[in-house]
Amino acid sequence: MGQLGSALLHGGIVLTVDAENRVFEDGWIVIEAGRITGVGPAQTCPKAANYDESFDLSGHLVLPGLINAHTHSAMVLFRGRSEGQSLLTMDGWYNSIREPELSLKASDIGPAVALSCAEMALSGTTTFCDQYFFADEIAAAAAESGLRAVIAYGIVQLGDEARGAEELARAGAFIERQRSGDGRIVPWFGPHAPYVDNSEALLRAEVALAQKYGVGMHLHMAAGPEDNEQTERLYGLTATAALERDGFFSGRVHAAHCLDLSDNDIAIFARSPAASVAYCATAGLRSGRQGICPAVKLREQGVVVALGTDNVAANNSYDMIAEMRVAGLVASHRERKAQPLSSHDLLRMATIDGARALGLDHETGSLELGKAADIIAVDLTGPGYSETPDPETLLIYSGSGRDVRHSWVAGTQIVRDRQLQQQDYVAIRNTYSETYARFWDRVARAKKVA
Ligand SMILES: [Zn+2]
């Protein structure tokens, strides 16, 4: 179906994730001109003949496309390259990623991001939030994939003032360029790990620029122990409090990880107009860090908590259904309580709360009239699924991204019968393999020279 066509999806269990959390056991949705123009129960289902296409989704769960609120899609090149290293400490990152990262070229990025986008699309993600270097290349590959994305221009200064100023100018130019798009790609700023690799002056300049352009900031916060250590030493403040002092919390700020938040840090998030957290449970757990994101407490205080996979060197997968499961398990373990995050909470975190975190809830995150048709259908007819009164728990604790059968972004079908529609997966995979071989060969040669 083209972007301007129409379609009727019927027969599935529709989880709207709207404000009343309406669930239609045998529901339907109409897509017209890229938007949701109807949704309801079987008895009000319109005639299939009125639409260009119709999909019988009996045996399927139909829900809003999933939102991966934190990743670095180019880092698929490092998948499986950080075993035994904690990617949430500076040490672990330097030991496994930083050196090969210096050999990255702009031409490596497109093929890597294309593969990541394909994996995300095939496992039910329709929107992702990315932060890395080579933002233009990421944006181009994301646009081509058909996914919706927030791309934060990653800034690291690493003690080099001239480099900081240069990067800031480049980041501004990136925002200018990408703003002219169709709105599916949203440019932001992304200081990597504040204070660890950016100076206070640069951070303040970034805040001023984000305000000037009216864009959000996506960054790592209280992710590694160094974040708080550094700001405590310099200012006697936690990283969160130091960032509040520097103006970060006056606009939209979306912080990844947040493993070591004090009660005062949580209060800062709660009193800020547009602050949110990307809880990356798998990456946090795998890092071996003692801290665990206080997702339950943050939500109790009214803070928007979204879910993210982080990069696939830290996670190894973009499967957001698996990520919901781990997020729930980790919260149960942290709070010493049975499911303090219910399956419904987890589903909201991976859909509408992700959209709220990214400032996109007017457009995506729930199945409601007028929103963009960002929709997935998950096939529940295979092994592992059986009758249950609770389809949300079935999805999260029995489900897998591999069971996503169809996916639409803004009404364009990007996955049909488990196959990419807008792009050729085999071609993407082959180009990626060549890129991967070239990249690691370059890394090996750089090592020999050094
Ligand atoms: Zn990250």
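Just so you know, these numbers come straight off a predicted model, no measurement behind them.

Cut-offs and rules
Residues numbered from 1 in each chain as written. Predicted model: local features only at pLDDT ≥ 70, side-chain atom pairs only at ≥ 80, totals over all residues. Heavy atoms only, no water. Donors = N, O, S within 2.8 Å, 3.2 Å for Na, K, Ca; no water. Tetrahedral: all angles 85-135°; square planar, octahedral: opposite > 155°, others 65-115°. Buried < 20%, exposed > 50% of the residue type's maximum accessible area, 1.4 Å probe, protein only. Salt bridge = Lys/Arg side-chain N within 4 Å of Asp/Glu carboxyl O. Helix = DSSP H or I, 4+ residues; strand = E, 2+ residues; numbered from the N terminus. Core = buried A, V, L, I, M, F, W, Y, C linked by side-chain atoms within 4.5 Å. Phe/Tyr/Trp six-rings, centres within 6.5 Å; stacked < 30°, edge-to-face > 60°. Lys NZ or Arg CZ within 6 Å of the ring centre and 35° of its normal. Pairing = 2+ DSSP bridges.

Attention shifts here to the coordination of the zinc ion. Distances from the zinc ion to its protein donors, namely His 70 (NE2), His 72 (NE2), His 220 (NE2) and Asp 310 (OD), fall within the range 2.1 to 2.5 Å. Considering all 4 donor atoms around the zinc ion, angles at the metal cover 86 to 172° and the coordination shape is irregular. Spacing between the donor residues of the zinc ion along their common chain follows H-x1-H-x147-H-x89-D. Exposure class is identical for His 70 and His 72. Each is buried.

Before going further, it helps to examine the pattern of salt bridges. This model, assessed by the stated rule, comprises 28 salt bridges. Linking Arg 245 and Glu 200 is a salt bridge whose minimum nitrogen-to-oxygen distance equals 3.0 Å. Of this pair, Arg 245 sits in helix α7 (residues 239-245) while Glu 200 is found in helix α5 (residues 200-213), placing the two residues 45 residues apart along the sequence. For Arg 245, a relative accessible area of 33% translates into the label partly exposed. In the salt-bridge network here, residues are joined through shared partners; they are Glu 200, Arg 204, Arg 245 and Asp 246.

Here we take up the nonpolar core. With 137 residues, the main nonpolar core has Phe 189, Phe 269, Tyr 279 and Met 324 as its most contacted residues. It is helix α2 (residues 106-122) that contributes the most residues to this core, 9 residues altogether. One finds Leu 9, Ile 29, Ile 31 and Val 39 within the second-largest nonpolar core, a separate group that totals 16 residues.

Take the packing of aromatic side chains next. Within this structure, the stated rule accounts for 9 aromatic pairs. Look at Phe 78 and Trp 440: their rings are 5.9 Å apart centre to centre, the planes differ by 85°, and that puts the pair in the edge-to-face class. Linking Phe 78 in the loop between β6 (66-71) and α1 (90-101) with Trp 440 in helix α15 (residues 425-449), this pair joins segments that are 362 residues apart in sequence. For Phe 78, a relative accessible area of 0% corresponds to the buried category. With a centroid separation of 6.1 Å and 40° between ring planes, the pair formed by Tyr 432 and Tyr 436 is classed as tilted. Within this pair, Tyr 432 and its partner Tyr 436 are both found in helix α15, separated by 4 residues, close to a single helical turn. Here the aromatic residues Phe 78, Tyr 432, Tyr 436, Phe 439 and Trp 440 are joined through ring pairs into a cluster of three or more. The ring of Trp 440 is capped by Arg 81, whose NZ or CZ atom sits 3.7 Å from the centre of that ring.

Next up on the list: the pairing of strand β12 (residues 274-279). Across the 6 residues of β12, 6 count as buried, placing the element largely inside the fold. Here β12 shows a buried face lined by Ala 274, Ser 276 and Ala 278 and a second buried face lined by Ala 275, Val 277 and Tyr 279. Across 4 bridges, β12 lies against strand β13 (residues 304-307) in parallel orientation. Within β13, the position partnered with Tyr 279 by the bridge is Leu 307.

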